[in-house]
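# Architecture and fold: a report
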Amino acid sequence: MNPSARPLGGRLPLADPATLTPAQRELYDQLIGSWVVFTDKLGIRSTTEDGRLIGPFNALLLHPDVTAKLLEFQVAESTNTGLSPSVREVVIIVLGAVYRADYELYAHTSVARTAGLADEHVAALAAGDIPEGLGAHEKLAARLTHALATRHRVDDGLYREAESAFGAKGLFDIAAVMGVYHTVCTMLNLFEVPAP
């Protein structure tokens, strides 16, 4: 099946909130009370009209115990990061572009606007380009993320440039946000989850 013609769950049926196990229901309620509230404020669709989760959220219901730890890591990463919101979003969008993870790019296009990135810069990043008008730190984060995501290595020159700009802790923060979104993008692509 053409991935763009897939239903909102992709390869997975959308979980019916009425048939969830107790652990799934607890996770569902947590997601509805946190992530769905956040995405709704940004105009990002994360549920169907009848309350079924879409995007990565449906897949997260498959394993509540692991998802709980992943969400803890994501919250720790995002609330304790030394990265600016715009640099963090650049990392996420570049990674989404490498994976061609449609839902991730759909959702983070909206998040990137709130982080101050221009629409044309976000569109270029989502297309796999690094636009000239992007800020120096954002451009450097895009180059570093692309190198790590595609070649799985960073040459000494790029490393020194990135370490000078972000410090060792900032580089750790980039690796951490990449870790979260490698997981999300992998799930989205494995289950061929489309953007709504």
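Here, every reference points to the structure presented above.
One structure accompanies this document, and this report is about it. (Residues numbered from 1 in each chain as written. Predicted model: local features only at pLDDT ≥ 70, side-chain atom pairs only at ≥ 80, totals over all residues. Heavy atoms only, no water.)

### As for the environment of Thr81
With respect to the secondary-structure elements, Thr81 resides in the loop between helix H4 (64-80) and helix H5 (85-99). Each C-alpha atom, one on Thr81 and one on Asp173, is 5.9 Å from the other, the two residues being 92 residues apart in sequence. In this view, Thr81 contacts Arg88 and Asp173; residues no more than four positions away in its chain are not counted. Engagement of the side chain of Thr81 in a polar contact is seen with the backbone nitrogen of Leu83, the distance being 3.1 Å. (Helix = DSSP H or I, 4+ residues; strand = E, 2+ residues; numbered from the N terminus. Contact = heavy atoms within 4.5 Å. Polar contact = N/O pair within 3.5 Å; in protein donor to acceptor, adjacent residues only side chain to side chain.)

### Considerations on the nonpolar core
Leu53, Val90, Tyr103, Leu125, Phe166, Ile174 and Tyr181 are the most contacted members of the largest nonpolar core, which totals 55 residues. Of all the elements in the fold, those that place two or more residues in this core are helix H1 (22-33), helix H3 (56-60), H4, H5, helix H6 (102-114), helix H7 (119-126), helix H8 (136-150) and helix H9 (156-190). The contacts of Val90, once residues within four sequence positions are left out, are Leu117, Leu125, Glu138, Ala141 and Ala142. (Core = buried A, V, L, I, M, F, W, Y, C linked by side-chain atoms within 4.5 Å. Buried < 20%, exposed > 50% of the residue type's maximum accessible area, 1.4 Å probe, protein only.)

### Some points on the side chain of Gln24
Mapped onto the secondary structure, Gln24 falls in helix H1. Each residue touching Gln24, except ones within four places of it in the same chain, is listed here: Leu61 and Pro64.

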